[in-house]
Amino acid sequence: MPKPSGSMLNLSMSLAMEPNPDPEHHLMIDHRMPQASEIDPRRGRFPCCIVWTPLPVLSWLVPFIGHMGICREDGVILDFAGPNFVCVDNFTFGAVARYIQISKEKCSICPQLAAYRSEEAYRQDEPSRDLSTWDDALRKGTQEFQHRSYNLFTCNCHSFVANNLNRLAFQSGGWNVVNLAVLIFLKGQWVNKASMVRSYLPFLVVFSLGVTIGGWTFITFLAFFTFLLVGWFLLGTYCFRNLILL
């Protein structure tokens, strides 16, 4: 009986030393360990961030009002853009101007969160499935808002982001459209100087023209408009809690 050659022995030994290539094992690793991603404004990637951009016309009058979205772990932006529609990887009103990256250490992702107004919807939406990751929570929030009607004054992009932050139990939850707007206004980081100019220059131009042409009449109108807009959301959030949906 012929003896096996040296090359055949080496091949058999190398095969014996290799771990069993279990494809199911690799899939589990890929699922549990998503590919790390860094903030990249050029590609529109903001991992685990809240993002903001100015709105046409409305932000020209009230510059702290804008459009908001929340991002997956891979940086893809999700935003509630219209009735029964959550936009994926195509921020509805242009490039991101400001962002806040959320620390996962300040979140508590679990199937039973604190009681919020939309908790019943959480329970009805696949109650047997655990929220084990950031993306699981956002997936459930997206599924819920894909069956929601959009309304600027009662159920808007801020409602979508607040809903997801409560689902993630970020800083113990309790998020709404008002404290979320304050958070991005006070702590939001500008992408670059150009984004700052893009956000405030139209307001400065409109305000300057309005004062030049209309004087105090324009200032009075602008103050009254801002008062009504801010007052609506304050009342709807803290006094008549069924007005602003989350």
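Bear in mind that the values here come from a model prediction, so they are computed numbers and not experimental data.

Our next topic: the overall build of the protein chain. Helices and strands together make up the secondary structure of the protein chain, namely nine helices and six strands. Within the protein chain, the proportion of its 246 residues that are buried is 41%. Restricting the contact set of the protein chain to residue pairs at least 6 apart, pairs at least 24 apart contribute 65%. On the protein chain, roughly 14800 Å² of surface is accessible, and the fraction owed to carbon and sulfur atoms is 63%.

On to the nonpolar core. Judged by nonpolar contacts, the single largest core of 43 residues is most densely connected at Ile50, Met68, Trp134, Phe160, Val161, Leu165 and Leu180. For this core, the secondary-structure elements that each account for two or more residues are strand 1 (49-54), helix 3 (58-61), strand 2 (66-71), strand 3 (77-82), helix 5 (134-145), helix 6 (157-168), helix 7 (177-187) and helix 9 (216-238). With six residues, helix 6 is the single largest residue contributor to this core. With near-sequence residues (within four places) excluded, Leu180 lies in contact with Ile50, Met68, His158, Val161, Ala162, Leu165 and Trp175. One finds Phe46, Cys71, Ile77 and Phe91 within the second-largest nonpolar core, a separate group that totals eight residues.

Next up on the list: the layout of surface pockets. For the largest pocket, the calculated volume is near 360 Å³. Of all elements in the fold, only helix 6, helix 7 and helix 9 reach the threshold of two or more residues within the lining of the largest pocket.

A few words now on empty space enclosed by the protein. Taken as a whole and assessed by the stated rule, the structure comprises one cavity of 30 Å³ or more. Of the volumes computed, that of the largest cavity is approximately 40 Å³. Residue lining of the largest cavity: Trp52, Pro63, Phe64, Arg98, Ile184, Phe185 and Tyr200, and that is the complete set. A per-class count over the lining of the largest cavity returns six nonpolar, no polar and one charged.

UniProt records the feature "transmembrane region" (unreviewed entry) at residues 200-219 and 225-244, using the numbering of this structure. The distance separating the terminal C-alpha atoms of residues 200-219 is 17 Å; by composition the span is 95% helix and 0% strand. Secondary structure across residues 225-244 divides into 70% helix and 0% strand, with the first and last C-alpha atoms of the span separated by 19 Å.

Negative phi characterises most residues that are not glycine, and trans characterises most peptide bonds. Notably, Val57 is not glycine yet its phi reads approximately 70°, a positive angle. Along the chain, the position of Val57 falls in the loop between strand 1 and helix 3. Overall, Val57 belongs to the partly exposed group, its relative accessible area being 49%. Non-glycine residue Asp89 carries a positive phi angle of around 60°. The class of Asp89 is partly exposed, set by a relative accessible area of 40%.

Across the interface, helix 7 lies against helix 9 with an axial gap of 8 Å and an inter-helix angle of 125°. It follows that helix 7 is oblique to helix 9 by the angle criterion. Residue-level contacts link Val177, Val178 and Asn179 of helix 7 to Phe233, Leu234, Thr237 and Tyr238 of helix 9.

Buried residues dominate strand 2, accounting for six of its six residues. In terms of strand pairing, strand 1 meets strand 2 through five bridges, oriented antiparallel. In the sheet register, Pro54 faces strand 2, and the bridge partner there is Gly66. Bridge count for strand 2 against strand 3 is two bridges, and the pairing is antiparallel.

Right, let's get into the side chain of Ser59. Relative to the elements of secondary structure, Ser59 occurs in helix 3. On the basis of relative accessibility, which here comes to 1%, the residue Ser59 falls in the buried class. Those residues in contact with Ser59 that sit more than four places away from it in its chain are Pro54, Ile65, Gly66 and Phe203.

Here we come to the pairing of strand 1. For strand 1, the buried fraction is high: six of the six residues fall into the buried class. The alternating pattern of strand 1 places Cys49, Val51 and Thr53 and Ile50, Trp52 and Pro54 on opposite faces, both of which are buried. In the sheet, strand 1 pairs with strand 5 (residues 98-101) via four bridges, with the strands oriented antiparallel. Within strand 5, the residue paired with Val51 across the bridge is Tyr99.

What counts as what
- Residues numbered from 1 in each chain as written.
- Predicted model: local features only at pLDDT ≥ 70, side-chain atom pairs only at ≥ 80, totals over all residues.
- Heavy atoms only, no water.
- Helix = DSSP H or I, 4+ residues; strand = E, 2+ residues; numbered from the N terminus.
- Buried < 20%, exposed > 50% of the residue type's maximum accessible area, 1.4 Å probe, protein only.
- Contact = heavy atoms within 4.5 Å.
- Areas by Shrake-Rupley, 256 points an atom, 1.4 Å probe, with all protein chains shown as cover.
- Core = buried A, V, L, I, M, F, W, Y, C linked by side-chain atoms within 4.5 Å.
- 1 Å grid on protein atoms, 1.4 Å probe; cavity = no way out; pocket = protein on both sides within 12 Å on 5 of 7 lines; lining within 4 Å.
- Points joined across faces, edges and corners; volume = space filled by probe spheres on them.
- Nonpolar A, V, L, I, M, F, W, Y, C, P; charged D, E, K, R; others polar.
- UniProt positions renumbered as here; feature names shortened; annotations may be inferred.
- Axes fitted to C-alpha atoms, helices over the stretch in contact; angles between N-to-C directions.
- Parallel < 35°, antiparallel > 145°, perpendicular 65-115°, else oblique.
- Pairing = 2+ DSSP bridges.

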